[in-house]
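# Structural description and commentary
Chain residues, written in single-letter form:
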Amino acid sequence: MPHTVAEKKKVLTRVRRIKGQLEALEQALERGEDCSPILQQITSIRGAMNGLMAGVLESHLREELMNSNTTVEARESSIEDAVTLIRTYLR
């Protein structure tokens, strides 16, 4: 989750843009448009989703790893959690 008001606004704007792309895709499918523009739209949506995921993941990692009030063990655990997150979401 974004941790500042500015980050939250940025993420919500991105989600709304993706929502608009999905609605446009749905309409194109309903109209029976050719495959090429539909595939391009799907590719754009996938890119937008990947960008959204990267932004939220970055925010999470910065928040977790910038906490300097933790022990070495806690930081190591945070790093392991980050590696697991990255491996999970970049499949």
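Before any of the text, the structure's been laid out above.
Quick caveat, the model's predicted, so the values are computed rather than measured.

Relative to the helices and strands, Arg16 is located in helix α1 (residues 5-31). Under the relative-accessibility criterion, Arg16 is labelled exposed at 56%. The spatial distance from the C-alpha of Arg16 to the C-alpha of Ser44 is 14 Å, given a sequence separation of 28 residues.

Before going further, it helps to spend a moment on the packing of α1 against helix α2 (residues 35-65). Where α1 meets α2, the closest approach of the two axes is 10 Å, and the angle between their N-to-C directions is 160°. What the angle tells us is that α1 and α2 run roughly antiparallel. Viewed along their axes, α1 and α2 form a crossing whose handedness is left-handed. Contacts between α1 and α2 involve Glu7, Val11, Arg14, Val15, Ile18, Gln21, Leu22, Ala24, Leu25, Ala28 and Leu29 from the former and Ile38, Gln41, Ile42, Ser44, Ile45, Ala48, Met49, Gly51, Leu52, Val56 and Ser59 from the latter. Of the residues contributing to the contact of α1 with α2, the split by class is 15 nonpolar, 5 polar and 2 charged.

The first and last C-alpha atoms of α1 sit 39 Å apart over 27 residues, in line with the 39 Å expected at 1.5 Å per residue. On its buried face, α1 is in contact with α2. Just downstream of α1 lies Gly32, where phi reads positive at about 75°.

This structure, assessed with the given rule, holds 1 salt bridge. Among the salt bridges present, the one from Glu33 reaches Arg31, with a minimum N-O distance of 2.4 Å. Classification of Arg31 by relative accessible area gives exposed; the value is 54%.

A word on the layout of surface pockets. Of the voids in this model, the largest pocket is the one considered here, and its volume is about 160 Å³. Lining of the largest pocket is provided by 10 residues; of these, Glu7, Lys10, Val11, Gly55 and Val56 occupy positions nearest its centre. Tallying contributions element by element places α2 first for the lining of the largest pocket, with 5 residues. Residues of the lining of the largest pocket, tallied by class, amount to 4 nonpolar, 3 polar and 3 charged.

Conventions we followed
- Residues numbered from 1 in each chain as written.
- Predicted model: local features only at pLDDT ≥ 70, side-chain atom pairs only at ≥ 80, totals over all residues.
- Heavy atoms only, no water.
- Helix = DSSP H or I, 4+ residues; strand = E, 2+ residues; numbered from the N terminus.
- Buried < 20%, exposed > 50% of the residue type's maximum accessible area, 1.4 Å probe, protein only.
- Axes fitted to C-alpha atoms, helices over the stretch in contact; angles between N-to-C directions.
- Parallel < 35°, antiparallel > 145°, perpendicular 65-115°, else oblique.
- Left-handed = near helix turned anticlockwise from the far one by under 90°.
- Contact = heavy atoms within 4.5 Å.
- Nonpolar A, V, L, I, M, F, W, Y, C, P; charged D, E, K, R; others polar.
- Expected span 1.5 Å × (residues − 1).
- Salt bridge = Lys/Arg side-chain N within 4 Å of Asp/Glu carboxyl O.
- 1 Å grid on protein atoms, 1.4 Å probe; cavity = no way out; pocket = protein on both sides within 12 Å on 5 of 7 lines; lining within 4 Å.
- Points joined across faces, edges and corners; volume = space filled by probe spheres on them.

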